[in-house]
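# Working through the structure, step by step
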Amino acid sequence: MSDVLDRLAELLEQRKSADPQSSYVAKLYAKGLDAILKKVGEEAAETIIAAKDGDADQIIYETADLWFHSLVMLAHAGLGPQDVLKELARREGLSGLEEKASRPVE
Ligand SMILES: N=c1c2ncn([C@@H]3O[C@H](COP(=O)(O)OP(=O)(O)OP(=O)(O)O)[C@@H](O)[C@H]3O)c2ncn1[C@@H]1O[C@H](COP(=O)(O)O)[C@@H](O)[C@H]1O
């Protein structure tokens, strides 16, 4: 499934040189970092409301909006989904170590 994130990240890179009139993402880049962060904030709030309402379809829809705008924010910072996935993988390794460390010595 991370293929979807990689393909989207590549598209977001291409949009850095696209015409803002022809693309939502190019328009967002043209507006700048504050506009991108505003969208991340709005989508986070909409995701929270959807989760409170408990409607599964709406939770998925709003989370997709939040992930998408977070990917735009990462691309603006010269980063991508693989950077975040690497960090999660690193934590996965860490939690394994913590688990082992907390096991009683036999
Ligand atoms: N995944 C998305 C995606 N998710 C959400 N959105 C847009 O994000 C916006 C969500 O904002 P809102 O829900 O607040 O709706 P809105 O009121 O229309 O938005 P604003 O005008 O307030 O910004 C909508 O305009 C959606 O169209 C997306 N726009 C683009 N993509 C992907 O990005 C690719 C490149 O898009 P373009 O740059 O438009 O070609 C597309 O092929 C898609 O794969």
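Placed above this text is the structure.
Overview of the structure. (Residues numbered from 1 in each chain as written. Predicted model: local features only at pLDDT ≥ 70, side-chain atom pairs only at ≥ 80, totals over all residues. Heavy atoms only, no water.)

## Some points on the side chain of Glu43
- Counting through the fold element by element, Glu43 comes out in helix H3 (residues 33-53).
- Setting aside its immediate chain neighbours within four residues, Glu43 contacts Glu62, Asp65, Leu66 and His69. (Helix = DSSP H or I, 4+ residues; strand = E, 2+ residues; numbered from the N terminus. Contact = heavy atoms within 4.5 Å.)

## Thoughts on the nonpolar core
- In this structure, Leu12, Val25, Leu28, Tyr29, Ala35, Ile36, Phe68, Leu71, Val72, Leu74 and Ala75 together form the largest nonpolar core, which totals 11 residues.
- For this core, the elements supplying multiple residues, two or more each, are helix H2 (24-31), H3 and helix H4 (56-76).
- Top contributing element to this core by residue count: H4, with five residues.
- In contact with Leu71, other than residues within four places in its own chain, are Leu5, Leu8, Leu12 and Pro81. (Core = buried A, V, L, I, M, F, W, Y, C linked by side-chain atoms within 4.5 Å. Buried < 20%, exposed > 50% of the residue type's maximum accessible area, 1.4 Å probe, protein only.)

## A look at the site of the ligand
- What surrounds the ligand is the set Leu8, Leu11, Arg15, Ser23, Tyr24, Val25, Lys39, Glu43, Asp65, Phe68 and His69.
- Here an oxygen atom of the ligand sits 3.0 Å away from a polar atom, N or O, in the main chain of Tyr24.
- Side-chain polar atom of Lys39 to an oxygen atom of the ligand: 2.7 Å apart, as the coordinates give it.
- Breaking the shell around the ligand down by element, the ones donating at least two residues are helix H1 (2-14), H2, H3 and H4.
- Top element by residues in the shell around the ligand is H4. It accounts for three residues.
- Residue composition of the shell around the ligand, by class: five nonpolar, two polar and four charged. (Near = heavy atom within 4 Å. Polar contact = N/O pair within 3.5 Å; in protein donor to acceptor, adjacent residues only side chain to side chain. Nonpolar A, V, L, I, M, F, W, Y, C, P; charged D, E, K, R; others polar.)

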